[in-house]
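Inside the fold
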Amino acid sequence: MSASSAQPQALGTAIELEIGGMTCASCAMRVEKKLNKLDGVTATVNYATEKAKVSVPDGIDAATLIAEVEKTGYTAALPRVEKTDAGEQDEGEKPDAELTSLRHRLIGSVVLSVPVIAMAMIPALQFTYWQWASLALAAPVIVWAGWPFHKAAWTNLRHGAATMDTLISMGTTAAFLWSLYALFLGTAGVPGMTHAFELSVEPSDGAANIYLEVAAGVTMFILAGRYFEKRSKRQAGAALRALLELGVKDVAVLRGGVETRIPISEMAVGDEFVVRPGEKIATDGVIVTGTSAVDASMLTGESVPVEVTEGDPVTGATVNAGGRLVVRATRVGADTQLAQMAKMVEDAQSGKAEIQRLADRVSGIFVPVAIAIAVGALGAWIGAGFPLEAAFTAAVAVLIIACPCALGLATPTALLVGTGRGAQMGILIKGPEVLESTRKVDTVVLDKTGTVTTGRMTLTDVITGTGVDRAELLRLAGALEDASEHPIARAIAKAAADEVGILPTPEDFANVEGKGVQGIVDGHAVLVGRETLLADWSQHLTADLARAKADAEAQGKTAVAVGWDGQARGVLVVADAVKPTSAQAIRQLKDLGLTPVLLTGDNQIVAEQIAAEVGIERVIAEVMPKDKMNVISRLQAEGKVVAMVGDGVNDAAALAQADLGLAMGTGTDVAIEAADITLVRGDLRSAADAIRLSRRTLGTIKTNLFWAFAYNTAAIPLAALGLLNPMLAGAAMAFSSVFVVGNSLRLRSFKSQAQDPAPSPAAPRTRAPQPAGV
């Protein structure tokens, strides 16, 4: 997008720009510093998302900001993907041209570089004209595959800056040009020339050596690192896309009493629309007619569907789990709760601080120092009266030995091995910046529904009255509930079918609004539902059944009364059951030095009961979806470094806001995309494994970087003194790369600490009511 095209949208106090051409964190710092020099402008540039958030005073527009960014050698544009008033995208996700280009260059460099490296390092492969074959293979790698480095180096040079791209470009270009000199003007091009590894070399022998494998190898390795980094960064906007896709695309609006299906973008406040069972509610509104149960777990985290009737508010993107509803729209487009949550995810992601890699932090010093040493060595050798070949050999050796091959491998190899091992264990880590967070985390916030618990209603207890057979209670109640679509009814029917087998078909089935169901099963008049439903038919719970029901409800569970043939017969208890591995997972998280906190939209009683069962001391309950991110922010304001584990849409903004976000893979796509780590198995123990693996991977990266820098620090003086020719420097660099890779491969031995808990009974418990006083 050109500056001129941006100008009409320039008004306002906040402008977001997409920044192109950044290759390291120091690039983001340069752009940010440039923008902040403008009067009244406050800018934050995020290297991970490649976006700049800029607050501007009146009189400064987007065109001015774009022009300022372009002065630094980078590109800027207003976001290409815009949202309509309805919260939908105008454009679908487009392929990333830069990522595709990097992939093509990487594949080409691997195919061409491997033979070049093999011929240079293995004398047995050096046939008569091998050096010319190496030139033919290496030239495309150095010129074409390495073009992004050369282009970035030239851009930086024009603006008086130097980055790792500068060193990569200078090193590979110097090695390539010297190889051309040796081949065409020296003695390296004669038929039968071979490279022999010798620890002692004569400084004046440089015209007989070629360094094509060094130039091609450096290019290939650094391209690999850039490709995998770019691929992980590309996920930055996926959470927002996934969230917006939750909304419906069209809706059945009532116009003159007739249903007319229109695009959601055409809906207006005040329109009445129809929602059938199983459909998503199109937008926020109020029920005009109808009664149903609405499954709002995707947005609210509530485990039990909410009963709604005329006059009750409903939220867009929730699911109608019961009867037909007619809803009057009260909010549409960007005003809906779904759109507001999308905005929160976007703000939380763009506000997340990018942790600069160690290699990028020191590049501002390392690169110019290495170049200065190379130039100084060249001048010193010439000034001392040595031949030009010897002086140039020493200078090239400095540049090659300083080429950050091991630095380029340090992070991606450890990351690839660590994430590969994680994938085998069901742990998906998105990028290197995630690892830094795991080292500092001291608090882990756990969503309840679907994370600590199963996230679905389950029959947990069967309480029979005196003389009532358990199987008979389940068979009659299950048969009646099997005719209902209510989630609680489905849980009872499933448990009954699993235990007693095929359920009979009820007759005269009827749904009693807000109370339960009734019908005839095998000649028995059966009632299943609230206690008031049975009371309407003069079927009152005995004292023991009433006490058992009250105990269940005191624990936050749902108690369903069952009666037939004029008498109350039992109580069925339904709840969102705790996962059998959750308690073990909490212990493992505590062993890592983390303080667990339970965060949920459910009521305080339910939350405290679940927390006590798994061993969590701190509970934050009855939190609305929009407030979950604020809870994370408050914990961070207390000085805590917070990890968040969740699975629902309502967790997405909190996952993005947290210092470390972990999403259960059994949850929604938006939660997974907003998180830093995805736990595919849906087992909370994987969260502890993920943090341990991330910390181990981070430690490996730190070790790799330390030895890579130590290698450069020790080897550069040797090269400057003429004790290393470029060929030996290339071999040393290759050895450092082998060390880094070998150290990274040790991550393959990482083991999970998860141990399967003792198996729980397959069937729900049955217990008779206890006598009074027990």
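Being a predicted model, the structure only gives us computed values, none of them experimental.

Summing up its helical and strand segments, the protein chain has 27 helices and 27 strands in all. Residues counted as buried form 52% of the 774 residues belonging to the protein chain. Considering only contacts within the protein chain whose residues lie at least 6 apart along the sequence, 71% involve residues at least 24 apart. Within the structure as shown, the protein chain displays about 32500 Å² of accessible surface, and the carbon and sulfur contribution to it stands at 57%.

The next subject is the pattern of salt bridges. The tally for this structure, following the rule as stated, stands at 21 salt bridges. Here R261 makes a salt bridge to D250, at a shortest N to O gap of 3.0 Å. Here R261, found in strand β6 (residues 258-263), pairs with D250, found in strand β5 (residues 250-255); they are eleven residues apart in sequence, far enough to count as distant. Looking at R261, the relative accessible area reads 48%, which means it is partly exposed. Looking at D250, the relative accessible area reads 36%, which means it is partly exposed. E553 is paired through a salt bridge with K549; the nearest N and O atoms lie 2.8 Å apart. Of the two residues, E553 and K549 both sit in helix α20 (residues 543-554), four residues apart, roughly one turn of that helix. Taking relative accessible area as the criterion, E553 reaches 37% and is therefore assigned partly exposed. Given the relative accessible area of 11%, K549 is considered buried.

Now for helix α26 (residues 685-720). In an α-helix, one turn spans 3.6 residues; hence positions three or four apart end up facing the same way. Between its terminal C-alpha atoms α26 stretches 53 Å, which fits the 52 Å expected from 36 residues at 1.5 Å a residue. Trailing α26 by a residue or two, G722 shows a phi angle of about 80°, which is positive.

Here we come to the side chain of S582. Position of S582 relative to the elements: it lies in helix α21 (residues 582-591). Looking at S582, its side chain comes within polar contact range of the main-chain oxygen of V452, at 2.7 Å. Excluding residues that lie within four positions of it along the chain, S582 makes contacts with T451, V452, V614 and L684.

Right, let's talk about the nonpolar core for a bit. In this structure, L167, I210, L212 and I401 are the most contacted members of the largest nonpolar core, which totals 56 residues. Elements supplying a minimum of two residues to this core: α4 (97-121), α5 (130-145), α7 (164-184), α8 (212-233), α12 (358-383), α13 (388-402) and α26. A total of ten residues in this core trace back to one element, the largest contributor, which is α13. Sequence-distant contacts of L212, defined by excluding residues within four places in its chain, comprise V116, Q131, S134, L135, A138, I142, F176 and S179. Judged by nonpolar contacts, the second largest core, of 45 residues, contains V417, V441, A621 and A690.

A word on helix α3 (residues 62-71). Listed as buried for α3 are A62, A63, L65, I66, E68 and V69. Of the residues trailing α3, G73 is marked for its positive phi of about 100°.

The subject of this paragraph is the sheet that holds strand β22 (residues 595-599). Strand order across the open sheet formed by seven strands is β14-β26-β25-β24-β15-β22-β23, with mixed pairing between neighbours. Two strands close off the open sheet at either side, each with one partner strand: β14 (427-429) and β23 (618-620). The mean angle between the axes of side-by-side strands here comes to 20°, regardless of whether they run parallel or antiparallel.

In this structure, β5 lies alongside β6, joined through six bridges in antiparallel fashion. The partner of R255 across the bridge, within β6, is V258. Hairpin connection of β5 to β6: two residues between the antiparallel strands, including G256 at a positive phi of 65°. Bridging between β5 and strand β7 (residues 272-275) involves two bridges; their strand directions are antiparallel. Following the sheet pairing, A252 is matched in β7 by V274.

Running from N to C, α5 and helix α6 (residues 147-158) point in directions that differ by 45°, and their axes come no closer than 5 Å. Viewed along their axes, α5 and α6 adopt a mutual orientation that is oblique. Between α5 and α6, the residues in contact are I142, V143, W144 and A145 and W147, P148 and H150, respectively. Class assignment for the residues of the contact of α5 with α6 results in six nonpolar, one polar and no charged.

On the basis of which strands lie adjacent, the open sheet formed by six strands has the order β6-β5-β7-β13-β8-β11 and antiparallel pairing. Strands with a single pairing partner mark the edges of an open sheet, and in this sheet they are β6 and β11 (313-314).

The full count for this structure, using the stated rule, is four aromatic pairs. With a centroid separation of 4.6 Å and 55° between ring planes, the pair formed by W381 and F386 is classed as tilted. For W381, a relative accessible area of 10% puts it in the buried group. Residue F386 is classed as partly exposed on the basis of its relative accessible area, which comes to 43%.

Mapped onto the present numbering, the UniProt feature "transmembrane region" (unreviewed entry) falls at residues 106-123, 129-147, 167-190, 210-228, 362-384, 390-417, 704-721 and 727-745. Between the C-alpha atoms that bound residues 129-147 there is a distance of 27 Å. The span itself is 89% helix and 0% strand.

For the rest of this paragraph, the subject is the pairing of strand β9 (residues 292-295). Both β9 and strand β10 (residues 306-308) contribute to a ladder of three bridges, which runs antiparallel. When the bridges of β10 are listed, A293 appears paired with E307. Sheet topology note: the β9/strand β12 (residues 319-320) ladder contains two bridges and is antiparallel. By the bridge assignment, D295 is partnered in β12 with V319.

Attention now goes to the environment of W537. One can find W537 in the loop between α19 (531-536) and α20. For the pair W537 and L527, spaced ten residues apart in the sequence, the C-alpha separation amounts to 9.0 Å. If we skip the residues at most four places from it in the chain, W537 touches Q518 and L527.

Here the focus is a nonpolar patch on the surface. Together, F706, W707 and F739 give the surface a local cluster of nonpolar side chains, amounting to about 340 Å² of exposed area. By the element assignment, F739 lies in helix α27 (residues 726-745). Residue class for F739 comes out partly exposed when judged on its relative accessible area of 34%.

Moving on to the packing of α21 against α26. Direction vectors running N to C along α21 and α26 enclose 25°, while the axes themselves pass 7 Å from each other. Here α21 is positioned roughly parallel relative to α26, judged by the angle of their axes. The two elements α21 and α26 cross, and the hand of that crossing is left-handed. Each of Q584, A585, Q588 and L589 in α21 lies in contact with α26, whose residues at this interface are R685, A687, A688 and I691. Here the residues of the contact of α21 with α26 are counted per class, giving five nonpolar, two polar and one charged.

Take the confidence of the model for the protein chain next. Overall, the predicted model of the protein chain reaches an average pLDDT of 78, with 79% of residues at or above 70. Per-residue pLDDT, averaged within each element of the protein chain, yields its smallest value for helix α1 (residues 3-6) (38) and its largest for α5 (94). Low pLDDT (under 50) marks residues 81-93, which in the prediction has 26 contacts with non-local residues, meaning those over four places away or in another chain.

The rules behind these values
Residues numbered from 1 in each chain as written. Predicted model: local features only at pLDDT ≥ 70, side-chain atom pairs only at ≥ 80, totals over all residues. Heavy atoms only, no water. Helix = DSSP H or I, 4+ residues; strand = E, 2+ residues; numbered from the N terminus. Buried < 20%, exposed > 50% of the residue type's maximum accessible area, 1.4 Å probe, protein only. Contact = heavy atoms within 4.5 Å. Areas by Shrake-Rupley, 256 points an atom, 1.4 Å probe, with all protein chains shown as cover. Salt bridge = Lys/Arg side-chain N within 4 Å of Asp/Glu carboxyl O. Expected span 1.5 Å × (residues − 1). Polar contact = N/O pair within 3.5 Å; in protein donor to acceptor, adjacent residues only side chain to side chain. Core = buried A, V, L, I, M, F, W, Y, C linked by side-chain atoms within 4.5 Å. Pairing = 2+ DSSP bridges. Axes fitted to C-alpha atoms, helices over the stretch in contact; angles between N-to-C directions. Parallel < 35°, antiparallel > 145°, perpendicular 65-115°, else oblique. Nonpolar A, V, L, I, M, F, W, Y, C, P; charged D, E, K, R; others polar. Phe/Tyr/Trp six-rings, centres within 6.5 Å; stacked < 30°, edge-to-face > 60°. UniProt positions renumbered as here; feature names shortened; annotations may be inferred. Patch = residues over 30% accessible without salt bridge, like charges linked within 9 Å, V, L, I, M, F, W, Y side chains within 5 Å. Left-handed = near helix turned anticlockwise from the far one by under 90°. pLDDT = per-residue confidence, 0-100.

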